[in-house]
Amino acid sequence: MATNEVLTTIKKRRSIRSFKADQITAEELQTVLEAGIYAPSAGNQQLWHFTVIQDKQLLERLNVSAKAGAARIDDEHIQKIAKNEKFNIYYGAPTVVLISGKEDGMAIEADCAAATQNILLAAESIGLGACWVNLTLFALGGEQGEQYKQQLGVPAGYKSFSSVALGYKKIEVVNAPTRKENVINYV
Ligand SMILES: Cc1cc2nc3c(=O)[nH]c(=O)nc-3n(C[C@H](O)[C@H](O)[C@H](O)COP(=O)(O)O)c2cc1C
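Basis of the calculations
- Residues numbered from 1 in each chain as written.
- Predicted model: local features only at pLDDT ≥ 70, side-chain atom pairs only at ≥ 80, totals over all residues.
- Heavy atoms only, no water.
- Helix = DSSP H or I, 4+ residues; strand = E, 2+ residues; numbered from the N terminus.
- Buried < 20%, exposed > 50% of the residue type's maximum accessible area, 1.4 Å probe, protein only.
- Patch = residues over 30% accessible without salt bridge, like charges linked within 9 Å, V, L, I, M, F, W, Y side chains within 5 Å.
- Areas by Shrake-Rupley, 256 points an atom, 1.4 Å probe, with all protein chains shown as cover.
- Salt bridge = Lys/Arg side-chain N within 4 Å of Asp/Glu carboxyl O.
- Near = heavy atom within 4 Å.
- Polar contact = N/O pair within 3.5 Å; in protein donor to acceptor, adjacent residues only side chain to side chain.
- Nonpolar A, V, L, I, M, F, W, Y, C, P; charged D, E, K, R; others polar.

(A) Summary view of unusual backbone geometry. The backbone of tyrosine 91 sits at a positive phi, close to 55 degrees, despite the residue not being glycine. With a phi angle near 55 degrees, asparagine 182 is a residue other than glycine that sits in the positive phi range. Its place among the elements puts asparagine 182 in the segment after strand 4 (158-167). The class for asparagine 182 is exposed, based on a relative accessible area of 78%.

Okay, structure coming up:
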């Protein structure tokens, strides 16, 4: 099979769940954001919006609200996470990028997912740790959702679809979860 830098980055990328407290540089942040906006989008609409959150207090509030929202979900795994006081949905990452998209976009959830994956891959390619964190959505969908959206500057008519925790890796993750077999057929 062929191999190159892109393929190596795709395979090496892992969800990182332990971060150093040091903030990433402005250049690193711009690099990953630019990768996000170079994602494909349906009809080339590019109806996404990226919110960079580096305010520690706000991240902690989102963490608490997300867990409160998650606690109301009828799922054993999510309940366990929500009730764990020590658990931080951002794993101590100093930067979180919230990805939102215009609700009436042609295929906005897919566009935002493509941008999210580009951010994850760009982060890995420059040695940053990153984790796709959808638990944030429990905070934004809760009672304080509108308040958060305003504070975060999510444009009117936009909905948040994902977030990415970013920072320097405290622990390298080398083993990829086993890939499921028999997921390809040829016609
Ligand atoms: C839509 C989506 C939502 C996710 N949400 C979370 C999350 O809230 N918290 C988390 O720790 N990981 C989250 N993940 C990461 C997955 O758990 C992870 O990608 C999966 O376990 C495979 O591990 P890998 O990323 O190292 O390949 C999410 C991934 C996706 C695609």
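(B) Representation of a nonpolar patch on the surface within the structure. Taken together, the side chains of Val6, Leu7 and Ile10 define a hydrophobic patch exposed on the protein surface, amounting to about 250 Å² of accessible area. On the secondary structure map, valine 6 appears in helix 1 (residues 5-12). Under the relative-accessibility criterion, valine 6 is labelled exposed at 56%.

(C) Representation of the site of the ligand. Taken together, Arg13, Arg14, Ser15, Arg17, Tyr91, Cys131, Trp132, Val133, Asn134, Leu135, Pro177 and Arg179 are the residues near the ligand. At 2.4 Å, a side-chain N or O of tyrosine 91 approaches an oxygen atom of the ligand. Tryptophan 132 has a polar backbone atom sitting 3.1 Å from a nitrogen atom of the ligand. The residue inventory of the shell around the ligand, partitioned by class, reads 6 nonpolar, 2 polar and 4 charged.

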